[in-house]
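Here are the chains, one letter per residue:
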Amino acid sequence: MSERKLMSTEPVTGNGGDLLVQVLREAGVDTVFGIVSVHNQPLVQAVSKHLRFVPVRHEASAVNAADGYARATGGLGCALTSTGTGAGNAAGSLIESLSAGTSVLHVTGQVESRYLGSGRGFIHETKDQLGMLEAVSSYAATIRDTDSAGKVLREAVSRALSTPGGPSSVEWPIDLQYAGHVVDATPIVVEQARPAEPAQQVDALAAMAAARRPVIWAGGGAARAGGALTELVERWGVPLLTSNSGRGAVSEDHPLCVGNYATSPRGRALLADADLILSLGTHFRSNETGDYSMSMPQRHIQVDVDPAAPGRVFPAGLPVVADVGAFVSAALELDDLGAAVEPTWTSRACVVRDEVRTAQRTGLGDHAVLCDAVRAALPRDAVIARDVTIASSAWGNRLLPIHDPRSNIFPRGGGIGQGLGMAIGAALADETRPTLALVGDGGLAVHLGEILTMAQERPWLVLLVCNDGGYGVLRNMQAGSGERPYAVDLTTPDFGLLAQSVGVEYRRIGGAGEAHATMAEAVSLQVPVIVEVDLASYGEMPAPFTPPVTVPGK
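What you are looking at is a predicted structure, and each value in this text was computed from that prediction instead of being measured. (Residues numbered from 1 in each chain as written. Predicted model: local features only at pLDDT ≥ 70, side-chain atom pairs only at ≥ 80, totals over all residues. Heavy atoms only, no water.)

Student: Please give an account of the packing of helix α13 (residues 367–377) against helix α20 (residues 512–524) that cites residues and values.
Tutor: Helix packing for two helices is described by the angle between their axes and how far apart those axes are. At a closest axis distance of 9 Å, the pairing of α13 and α20 adopts a crossing angle of 20°. It follows that α13 is roughly parallel to α20 by the angle criterion. Here α13 runs over α20; the crossing is right-handed. Contact residues: Val369, Leu370, Asp372, Ala373, Val374, Ala376 and Ala377 in α13; Ala512, Ala515, His516, Met519, Ala520 and Val523 in α20. (Axes fitted to C-alpha atoms, helices over the stretch in contact; angles between N-to-C directions. Helix = DSSP H or I, 4+ residues; strand = E, 2+ residues; numbered from the N terminus. Parallel < 35°, antiparallel > 145°, perpendicular 65-115°, else oblique. Left-handed = near helix turned anticlockwise from the far one by under 90°. Contact = heavy atoms within 4.5 Å.)

See below:
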């Protein structure tokens, strides 16, 4: 266990909002996202007075923004919503935070405590709101009296920050928000992952020392072990594959970082020839394993904090239930690490790293130039929040170099429309550097109202909209199956007029020759900018992107 020690303060009396502000300060939160309501006014009022309250336009975006804030800072994000419909609106984004294990505190209102569970139709009341929150959160609780409010809030924060993390939801009856509370400082205890069982670790380390052609596969659980993982890759001299979530744990310009290319032909060949795989904190998601069709080495060391993870997808004869960082640090103690590795295996890793990128650039054509322009315009540590769109799937999730895991923000659950909210949260977490939101017109339309939040808060944020007039990923999938496209064509706004109407800068990219200069200019303005990539003008990719999903019966 570890504790975050706080400066002691004399207890004072305040309402629920004052208590919430105290707990958020203890957790290092200075910005909160949400929508004010008759059932959360004391909370919003206190946050607005003492911290920064960002009034988003939809409760789902409040959670997305808090999620982006948490990922960018490596700490806790906070979202405030109303009860009933408001809490229901937040549920989808809580599923994303749950999928990603993001540390989010979601505080939602509730009807007066005397009416809880009465079913009489009190305004904003809904059936079993706590049950809904339990289904989409890693922890959920109800504040039932003023004496326990501080304990409930701090337990929620602790659960969100403890390994493996995830969103905590707290519902707070409105009468108890207005009531008097004792506001004092209390240490928040964050539980750390347990160390590996000695026998598990000894067997795994022995296998590592003997391996001749090992491969590392790093997932999101390896994100905070980046420095040690980089040292392990270098000393062991082995190729590093990553999931999308594991990107940036080792900078993707490292010569041994093959990256998120396991399903490519060269990535599959590398795995087929390996004699051992060390997987670190990964779910082995279906879209990153060819629906689990990949050939894996028979010897598999799977390290994960979740006891149920080893062997869940691929057989793992050498399971290690432990924190990834602790295990990697133990591996670095091996005196003979890398002694058995074939020299040609290390050189092959470097070759494969370059080959997979060269092959992908060929399929992208001029769209690779757009990828290059984005990277050239942004600092190495700039957050790049990628929504589900062709640009993200085709090059943003692989070819676009990521150098820091905190800059690698995307919807891990695969839900469309969350990118702008995440980008706003990340941008407001650190306003000294630019943030990029990479979205499609279809995904942006899901929460188009957050352009107003962007205009109001004015973060240093470039909203790069790839406009193909609809759901391009599904359009390509339908066309690739020989079907006439259906339900994928959408009316889109004139983005130039839209930007003008809300007082936001606008730029347009109509071809590859304009990409570098336009992106550089947009970033240099240090204000919110909408940059539209007019794909009808820009041109198609030589190899149209289709999602790696299996269609039953085909």
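Student: Tell me about the side chain of His254, and name the residues and values.
Tutor: Mapped onto the secondary structure, His254 falls in the loop between β12 (240–242) and β13 (257–259). A relative accessible area of 12% means that His254 is categorised as buried. Only 2.9 Å separates the side chain of His254 from the side chain of Glu234, close enough to count as a polar contact. When neighbours within four sequence positions are excluded, His254 is seen to be in contact with Thr230, Val233, Glu234 and Arg353. (Buried < 20%, exposed > 50% of the residue type's maximum accessible area, 1.4 Å probe, protein only. Polar contact = N/O pair within 3.5 Å; in protein donor to acceptor, adjacent residues only side chain to side chain.)

Student: Tell me what's going on with the packing of aromatic side chains, and back it up with residues and numbers.
Tutor: Inspection of every chain in the model, using the stated rule, returns three aromatic pairs. A ring pair is formed by Trp217 and Phe284, whose centres lie 5.0 Å apart and whose planes are at 65°; its orientation type is edge-to-face. Taken together, the residues Trp217 in strand β11 (residues 214–218) and Phe284 in the loop between β14 (276–280) and β15 (300–304) connect sequence positions 67 residues apart. A residue is classified by how much of its surface remains accessible, and Trp217, at 0% relative accessible area, is buried. The exposure class of Phe284 is buried, given its relative accessible area of 1%. Pairwise contacts between aromatic rings join Trp217, Phe284 and Phe314 into one cluster. (Phe/Tyr/Trp six-rings, centres within 6.5 Å; stacked < 30°, edge-to-face > 60°.)

Student: Describe the nonpolar core, naming the residues involved and giving the relevant values.
Tutor: Buried together is how nonpolar side chains tend to be arranged in soluble globular proteins. Within the largest apolar cluster, 91 residues are counted, with the highest numbers of intra-cluster contacts made by Leu232, Trp236, Leu278, Ile301 and Trp395. Among the elements that line this core, the one with the most residues is α13, at six residues. Aside from chain neighbours lying at most four places away, what touches Trp395 is Gln360, Leu364, His367, Leu370, Cys371, Val374, Ile390, Leu400, Leu438 and Met541. (Core = buried A, V, L, I, M, F, W, Y, C linked by side-chain atoms within 4.5 Å.)

Student: Quick rundown of the sheet that holds strand β18 (residues 408–409)? Include the residues and the values.
Tutor: The strands that make up a sheet pair up through hydrogen bonds in the backbone, lying either parallel or antiparallel. Overall, parallel pairing links the six strands, which are arranged β18-β17-β19-β20-β22-β21 in an open sheet. If you trace the sheet from one side to the other, it starts and ends with β18 and β21 (505–509), each paired once. With two bridges connecting them, strand β17 (residues 383–386) and β18 associate as parallel partners. Among the inter-strand pairings, Ile384 is bridged to a residue of β18, identified as Asn408. (Pairing = 2+ DSSP bridges.)

Student: Go over the packing of helix α9 (residues 226–236) against helix α11 (residues 324–331), please, and point to the residues and values.
Tutor: Close contact between α9 and α11 brings their axes to 9 Å; oriented N to C, the two are set at 35°. Considering how the two elements wind past one another, α9 and α11 form a crossing that is left-handed. Across from Ala228, Leu229 and Leu232 in α9, the residues of α11 making contact are Val328, Ser329 and Ala331. For the contact of α9 with α11, the class distribution of residues is five nonpolar, one polar and no charged. (Nonpolar A, V, L, I, M, F, W, Y, C, P; charged D, E, K, R; others polar.)

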